[in-house]
2 protein chains.
Amino acid sequence: MYIGAIDVGGTKTMAGVVDERSRLLAKAQFPTLTADPNAHFARCAQLLRQVADQCGVPFGQLAGVGVSLPGTVDASHQVLTMAPGSGWREIPAAQLLREQLEGKPLWCDNDVNNCARAELRFARGPADFLWITVSTGIGGAVVAGGRVVLGCGSLAGELGHYKVETQDPLPCPCGSAGCLEAYASGAAIGRQFARLAQEDPETGRLAEEQGVPLDAAGCAALAQLGHPAALALFQQAGRYLGRTLAPVVSVLNPAAIYFGGGVARSFGLFAPAAQAAIRERAAESCAGLVELRPTGLGYEASLLGAAALFLEQAAL
Amino acid sequence: MYIGAIDVGGTKTMAGVVDERSRLLAKAQFPTLTADPNAHFARCAQLLRQVADQCGVPFGQLAGVGVSLPGTVDASHQVLTMAPGSGWREIPAAQLLREQLEGKPLWCDNDVNNCARAELRFARGPADFLWITVSTGIGGAVVAGGRVVLGCGSLAGELGHYKVETQDPLPCPCGSAGCLEAYASGAAIGRQFARLAQEDPETGRLAEEQGVPLDAAGCAALAQLGHPAALALFQQAGRYLGRTLAPVVSVLNPAAIYFGGGVARSFGLFAPAAQAAIRERAAESCAGLVELRPTGLGYEASLLGAAALFLEQAAL
């Protein structure tokens, strides 16, 4: 069986053909046209046809299409209600795509929910786990009893703007302060690292010597070299992630927390501090059962997850 | 249809006959024989037969039996693994009861999970909500997408011993410190009120004048009269409940949080502080959608919930 998969990101969009065993037969990508969502979704459909051609799967042979979207998706109406990165609001994504795709069966959901579906279906994740994407921002998804939890307003997983710090909180680009994203997102680590490089001559000199960029990846590079101040920023991120997750672990009793997104490549730098904060605060019985893991799905988690969404919804 | 319902509590046990519209036709209760669980479960079965007789429903006409148990229940093996109040461990509750009940279809689960089932099925609760029992201790249950979440070790809802305070934390009877139960349980409010009555002459005098006991109910009575120090203890409890629930609200996006148990009768004393703490800390979008409510199910929530469990498991 062949499934069409589309992953619309804030800056780039991918289309691919996936089989039911999660093999990605072909893919292509192009920049997301944030200025014109109608044109963008038409382009997505066109790209999916091209990719299918490219791997020798006639378009008619696709069983259906799954779509990952970069924001809040109203699951019952299949509408992208809000995408913070692109500024899109109330985009009838499924309808726009179906018009271009000959009415093929098609489902959309939030990209992080779909990452969790890929972990569940293709990587044999347990029936109860959390998925946390740590990238520019922070997003989450919950799988309970083998199903993705959506919540009453399709907002489940909204942990990026939970106020994890109330005493002398760092400002967050959202306008508030003390949000988890203000401490633990890639952007936050990058901001703090850039400030550190400016204010601390030793860090600045080392960054220049090593030729690392003043962002989260640069911070990770210095932390890997053992630079204590760079490592401390990842440990701080881990501590705040753990503080946010401890009550959630106590209430949901998950078997695992998977980390994906760009910052998850630095899993070893932040996970011990997150684990320690969970052990310190969560109910002991639950803390002992949860394992923190980097996802094994890599860069295409959300694209594969789009295919997993189709398989779930078509009950295949 | 008639369903047998048994609610085994830490100190007392109830049996009743419930119809599919949640009417409780008859019930009886007796003290829980913690010293001899085998004898206790035999006695439960006997009592259920008596209650059925009493309301003129022949035992053979009961479609099946649902059971609420006061601790952690391994759902797949139907074993009460741990009951903190009675000290029971690894009690094969379903097996003990079935032997006495002619092999009738029978299911057991944790009492708080069953309260949530009663709210869902009989009080038309929304598909996504939390249930919090605030009584001697604190227990929780999660309903997501219309189903009770069990967690990987059947421990979901274990929020009583989440460490909500790390700075100068109050000791908890569990041996740890800073647990939610150390601030917001009925026992904790009672302990703090008794200390207050001892240390603050005005509170002590007022308690004596009003003839209120030095426990949570006495504290509630003085708080209702407007005594600021008594009210402050409920506000503190609400604040810590809200702090614990804020990240959970952000991650699960529930439509409601129902409060049951003895302390829930004082809902108006602690709920505003809990609501404020959730608004202050949860992701704004999720905080705006959640409503705090006292359950309307009253004293028999867990007994009715046992019947709801049977209906759920028998898919009726």
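Note that the structure is a prediction, hence the values are computed from the model and not measured.

Student: So, the nonpolar core: which residues are in play, and what are the values?
Tutor: By size, the foremost hydrophobic cluster in this structure holds 112 residues, and its most contacted members are Ile257 and Phe259 of chain A together with Ile257 and Phe259 of chain B. Setting aside its immediate chain neighbours within four residues, Phe259 of chain A contacts Ile132, Val134, Leu241, Leu245, Ala264, Phe267, Phe270, Leu292, Arg293, Pro294 and Thr295 of chain A.

Student: Give a description of the pattern of salt bridges that names residues and reports values.
Tutor: Residue and element names in this part refer to chain B. Enumeration over the complete set of coordinates arrives at 16 salt bridges over all chains. In this structure, the salt-bridge partner of Arg117 is Glu312, at a minimum N-O distance of 2.7 Å. On the criterion of sequence distance, the pair formed by Arg117 in helix 3 (residues 111–121) and Glu312 in helix 11 (residues 301–313) is long-range, its members being 195 residues apart. The salt bridge involving Glu209 is made with Arg205; its shortest N-O contact spans 2.8 Å. In this pair, Glu209 and Arg205 both sit in helix 6 (residues 201–210), 4 residues apart, roughly one turn of the helix. On the basis of relative accessibility, which here comes to 54%, the residue Glu209 falls in the exposed class.

Student: Give me the lowdown on the environment of Glu208 of chain B, citing residues and values where you can.
Tutor: In this structure, Glu208 of chain B sits in helix 6. Taking the C-alpha atoms as reference points, Glu208 of chain B and Ala271 of chain B, 63 residues apart in sequence, are found 27 Å from one another.

Student: Break down the interface of chain A and chain B for me, with residues and values.
Tutor: Tallying the contact residues gives 39 residues for chain A and 39 residues for chain B. Approximately 3,000 Å² of surface area, both sides summed, lies buried where chain A meets chain B, with 63% of it carried by carbon and sulfur atoms. In terms of surface lost to chain B, no three residues of chain A exceed Cys152, Val251 and Arg281 of chain A, which account for 20% of the buried area on that side. Scanning the region where chain A abuts chain B turns up 10 residue pairs in polar contact (both at pLDDT 80 or more). Looking at the side of chain A that touches chain B, the elements with two or more residues in it are strand 10 (138–144), helix 8 (228–252), helix 9 (267–281) and helix 10 (284–287) of chain A.

Student: Can you tell me about the relation of the copies chain A and chain B, naming the residues and giving the values?
Tutor: In screw terms, the move from chain A to chain B is a rotation of 180 degrees and a rise of 0.0 Å along the axis, fitting with an RMSD of 0.0 Å. In the structure described here, the two chain copies are related by an operation that fits a two-fold rotation axis. Relative to the rotation axis, the C-alpha of Val248 of chain A is the closest in chain A, positioned 2.7 Å from it.

Student: Describe the environment of Ile189 of chain A, naming the residues involved and giving the relevant values.
Tutor: Residues and elements named next belong to chain A. The topology assignment puts Ile189 in helix 5 (residues 186–199). Residue classification places Ile189 among the buried positions, given a relative accessible area of 1%. On a C-alpha basis, the gap between Ile189 and Ala287 in space is 26 Å, while along the polypeptide they are 98 residues apart. Setting aside chain neighbours within four positions, we find Ile189 in contact with Tyr183, Ala184, Ala216, Cys219, Leu233, Phe234, Ala237 and Val263.

Student: Would you mind going over the packing of aromatic side chains in detail, with residue names and values included?
Tutor: With the rule as written, the count across this model stands at 14 aromatic pairs over all chains. Their ring planes at 50 degrees and their centres at 5.7 Å tell us that Phe41 of chain B and Trp88 of chain B sit as a pair that is tilted. In this pair, Phe41 of chain B sits in helix 1 (residues 37–54) while Trp88 of chain B sits in strand 7 (residues 88–91), placing the two residues 47 residues apart along the sequence. According to the relative accessible area criterion, Phe41 of chain B is buried, its value standing at 0%. By relative accessible area, which is 4% here, Trp88 of chain B ends up buried. Taking 5.9 Å as the distance between ring centres and 45 degrees as the angle between the ring planes, the aromatic pair formed by Trp107 of chain B and Phe310 of chain B counts as tilted. Separated by 203 residues along the polypeptide, Trp107 of chain B in strand 8 (residues 106–110) and Phe310 of chain B in helix 11 bring together distant segments of the chain. According to the relative accessible area criterion, Trp107 of chain B is partly exposed, its value standing at 22%. Site record: aromatic cluster; members linked through ring pairs are Phe259, Phe267 and Phe270 of chain A. Arg43 of chain A extends its terminal NZ or CZ atom over the ring of Phe30 of chain A, reaching a point 4.6 Å from the ring centre. Lying across the ring of Phe59 of chain B, Arg49 of chain B places its NZ or CZ 4.1 Å from the centre.

Student: Go over the side chain of Asn114 of chain B, please, and point to the residues and values.
Tutor: Residue and element names in this part refer to chain B. Of note, Asn114 is situated in helix 3. A polar contact of 3.1 Å, which involves the side chain of Asn114, links it to the backbone oxygen of Val67. Once residues lying within four places of it in the same chain are set aside, the contact partners of Asn114 are Val67, Ser68, Asp109, Ala301, Ser302, Gly305, Ala306 and Leu309.

Student: Summarise the side chain of Asp7 of chain A; cite the residues concerned and give the values.
Tutor: All names here are of chain A. Mapped onto the secondary structure, Asp7 falls in strand 1 (residues 2–8). Look at Asp7: it is buried, it has no salt bridge, and the nearest opposite charge is Lys12 at 5.9 Å. Contact partners of Asp7, with chain neighbours within four places excluded, come to Lys12, Thr13, Met14, Ser68, Asp111, Ser302 and Leu303.

Student: Can you tell me about helix 6 (residues 201–210) of chain A, naming the residues and giving the values?
Tutor: All names here are of chain A. The set of residues buried in helix 6 consists of Thr203, Gly204, Leu206 and Ala207. Buried residues in helix 6, looked at end-on, bunch into an arc of 165 degrees, giving them a common side. The exposed residues of helix 6 that point more than 90 degrees off its buried face are Pro201, Glu208 and Glu209.

Student: Break down the packing of helix 5 of chain A against helix 7 (residues 216–224) of chain A for me, citing the residues and quoting the values.
Tutor: The relative placement of two packed helices is expressed as an angle between their axes plus a distance between the axes. Residues and elements named next belong to chain A. Where helix 5 meets helix 7, the closest approach of the two axes is 7 Å, and the angle between their N-to-C directions is 70 degrees. It follows that helix 5 is roughly perpendicular to helix 7 by the angle criterion. The crossing of helix 5 and helix 7 is left-handed. Residues Gly186, Ile189, Gly190 and Phe193 of helix 5 form the contact with helix 7, whose participating residues are Ala216, Gly218, Cys219 and Leu222. Among the residues forming the contact of helix 5 with helix 7, the class breakdown is 5 nonpolar, 3 polar and no charged.

Student: I'd like to hear about the sheet that holds strand 10 of chain A, residue by residue, with values.
Tutor: Residue and element names in this part refer to chain A. The strand order across the open sheet built from 5 strands is 11-10-9-12-13, with neighbouring strands paired in mixed fashion. Whereas interior strands pair on both sides, the edge strands pair on one side only; in this sheet they are strand 11 (147–148) and strand 13 (291–294). Note: strand 10 against strand 11, 2 bridges, orientation antiparallel. Residue pairing across strands places Val143 opposite Val148, the latter belonging to strand 11. Helix 9 contacts strand 12 (256–260) and strand 13 of the sheet and is inclined by roughly 165 degrees relative to strand 13.

Definitions and cut-offs
- Residues numbered from 1 in each chain as written.
- Chains lettered and ligands numbered in written order.
- Predicted model: local features only at pLDDT ≥ 70, side-chain atom pairs only at ≥ 80, totals over all residues.
- Heavy atoms only, no water.
- Core = buried A, V, L, I, M, F, W, Y, C linked by side-chain atoms within 4.5 Å.
- Buried < 20%, exposed > 50% of the residue type's maximum accessible area, 1.4 Å probe, protein only.
- Contact = heavy atoms within 4.5 Å.
- Salt bridge = Lys/Arg side-chain N within 4 Å of Asp/Glu carboxyl O.
- Helix = DSSP H or I, 4+ residues; strand = E, 2+ residues; numbered from the N terminus.
- Buried area = accessible area lost by both parts, 1.4 Å probe.
- Polar contact = N/O pair within 3.5 Å; in protein donor to acceptor, adjacent residues only side chain to side chain.
- Least-squares fit on C-alpha atoms with pLDDT ≥ 70 in both.
- Phe/Tyr/Trp six-rings, centres within 6.5 Å; stacked < 30°, edge-to-face > 60°.
- Lys NZ or Arg CZ within 6 Å of the ring centre and 35° of its normal.
- Lys, Arg positive; Asp, Glu negative; His and termini not counted.
- Arc of directions from axis to C-beta.
- Axes fitted to C-alpha atoms, helices over the stretch in contact; angles between N-to-C directions.
- Parallel < 35°, antiparallel > 145°, perpendicular 65-115°, else oblique.
- Left-handed = near helix turned anticlockwise from the far one by under 90°.
- Nonpolar A, V, L, I, M, F, W, Y, C, P; charged D, E, K, R; others polar.
- Pairing = 2+ DSSP bridges.

So far we have only geometry, and geometry alone does not tell us how the molecule works.
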